[in-house]
Amino acid sequence: RIALLVPGFLAMKNKLSPSLRGVAACCLALLLSSAAYSAEVIHEEKSLYRDINVVQTGDRRCLIFNVYRGDRNQTCVDVSNRDELIFSYTKMSFAGLLLNPDPKKILIAGLGGGTLPLAFNDLFPDAQIDIVEVDQAVVNVAKGFFFFEENENMTVAVNDARVFVKRAGILGDKYDFIILDAFGGDYIPEHHESAGACAIAGEIRCASSRIPESSLDAGGLGHESPRPHRSVFPGEPAARRLTTTDY
């Protein structure tokens, strides 16, 4: 439709006064600019757990889930600058490095588009990074659209994170850096944010390990989530509240 406006404008411009001609030219330029950067759905599918969409606007590509209360961004990448971390909360995940600057074995619960695992793999190429993601469709989309690739030190297990962690505890596996990222902008699985879940995570961490947890004030649920963390690990810092518009 916008393509039809161009010849129409060219045909009418001589009939307009100079001032109106300038206004019309500006309006046409804005329309063309808007069209160039309008959101385009480049992939959509329904998995066992959610509706998944990949939407691109200009150079920004976003993974969007629709689970409970509308669409929520899970991952966004700049396809022209893949190393940039778009979301504030992903940057907050590195705060734990202040306490443990050289992790050797990292567990990440929740894959999304894979930006966090890729960043940690770039920073610590020799560290073992285990990622747990409940939805195989999310793994496929991360690999197909967000440049995520497994390697010998970074692998994905398709499983519920709490089940994975419980089994790791039974086997005696230990991690010195654990990231809990299995949530969306308006929803945190109840069995992941309970004190019991934190206690299970505590079973697989080394004495020197840290579990960075960011509390997101998005969708009105940010203020509650640090409480289980503090009740199980009372002497350790947790981000009390991170106000974000990432979602």
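Before reading on, note that the structure itself is shown above.
Before going into details, it helps to say that this report is about the structure given with it.

Parameters at a glance
- Numbers given to residues run from 1 along each chain, matching the order in which its sequence is written.
- Totals for whole chains, interfaces and linings use all residues, but because this is a predicted model, local features are given only for residues with pLDDT of at least 70 and pairs of side-chain atoms are given and counted only at 80 or more.
- Just so you know, side-chain values use all the structure's heavy atoms and leave hydrogens and water out.
- What makes a salt bridge here is a side-chain nitrogen of Lys or Arg within 4 Å of a carboxyl oxygen of Asp or Glu, nothing more.
- Buried means the residue's accessible area, taken with a 1.4 Å probe over protein chains only, is under 20% of the maximum for its type, while exposed means over 50%, and partly exposed covers the values in between.
- Helical segments are the DSSP runs of H or I of at least four residues, strand segments are the runs of E of at least two, and each set is numbered from the N terminus.
- What makes two residues a contact is simply this: any of their non-hydrogen atoms within 4.5 Å.
- We define a polar contact as two N or O atoms separated by no more than 3.5 Å, with the added condition that, inside protein, one atom must be a possible hydrogen donor and the other a possible acceptor, whereas residues neighbouring each other in sequence contribute only through side-chain atom pairs.
- Only Phe, Tyr and Trp rings take part, Trp by its six-membered ring, and two of them pair if their centres are within 6.5 Å. Stacked means planes under 30 degrees apart, edge-to-face means over 60, and tilted covers everything else.
- In our convention, an over-ring charge means Lys NZ or Arg CZ found within 6 Å of a ring centre and within 35 degrees of that ring's normal.

Across all of its chains, the model carries four salt bridges by this definition. The closest approach of N and O atoms between aspartate 51 and lysine 46, which form a salt bridge, is 2.6 Å. Here glutamate 150 and lysine 143 are joined by a salt bridge, their closest N and O atoms 2.7 Å apart. Accessibility expressed as a relative area gives 34% for glutamate 150, which makes it partly exposed. Exposure remark for lysine 143: the relative accessible area of 40% places this residue in the partly exposed category.

What follows deals with unusual backbone geometry. Of note in this structure, phenylalanine 147 is not a glycine but carries a positive phi near 65°. Inspection of the secondary structure puts phenylalanine 147 in the loop between helix 5 (136-145) and strand 7 (154-158).

Inspection of the secondary structure assignment puts aspartate 51 in strand 2 (residues 51-57). The exposure class assigned to aspartate 51 is partly exposed, which follows from its relative accessible area of 27%. Separated by 15 residues in sequence, aspartate 51 and asparagine 66 have C-alpha atoms that sit 5.2 Å apart. Among residues more than four places away in sequence, those in contact with aspartate 51 are Glu45, Lys46, Ile64, Phe65 and Asn66. Within the structure, aspartate 51 has its side chain in polar contact with the side chain of lysine 46 (distance 2.6 Å).

This part is about the packing of aromatic side chains. Applying the stated criterion across every chain, the model contains four aromatic pairs. With a centroid separation of 5.5 Å and 50° between ring planes, the pair formed by phenylalanine 120 and phenylalanine 177 is classed as tilted. With a gap of 57 residues between them, phenylalanine 120 in helix 4 (residues 115-123) and phenylalanine 177 in strand 8 (residues 175-180) connect regions that are remote in the sequence. Its relative accessible area of 0% is what places phenylalanine 177 among the buried residues. Taken together, the ring pairs in this structure connect Phe94, Phe120, Phe124 and Phe177 into an aromatic cluster. One cation-aromatic arrangement involves lysine 105 over tyrosine 175; the distance from NZ or CZ to the ring centre is 4.9 Å.

In short, geometric facts, not functional conclusions.
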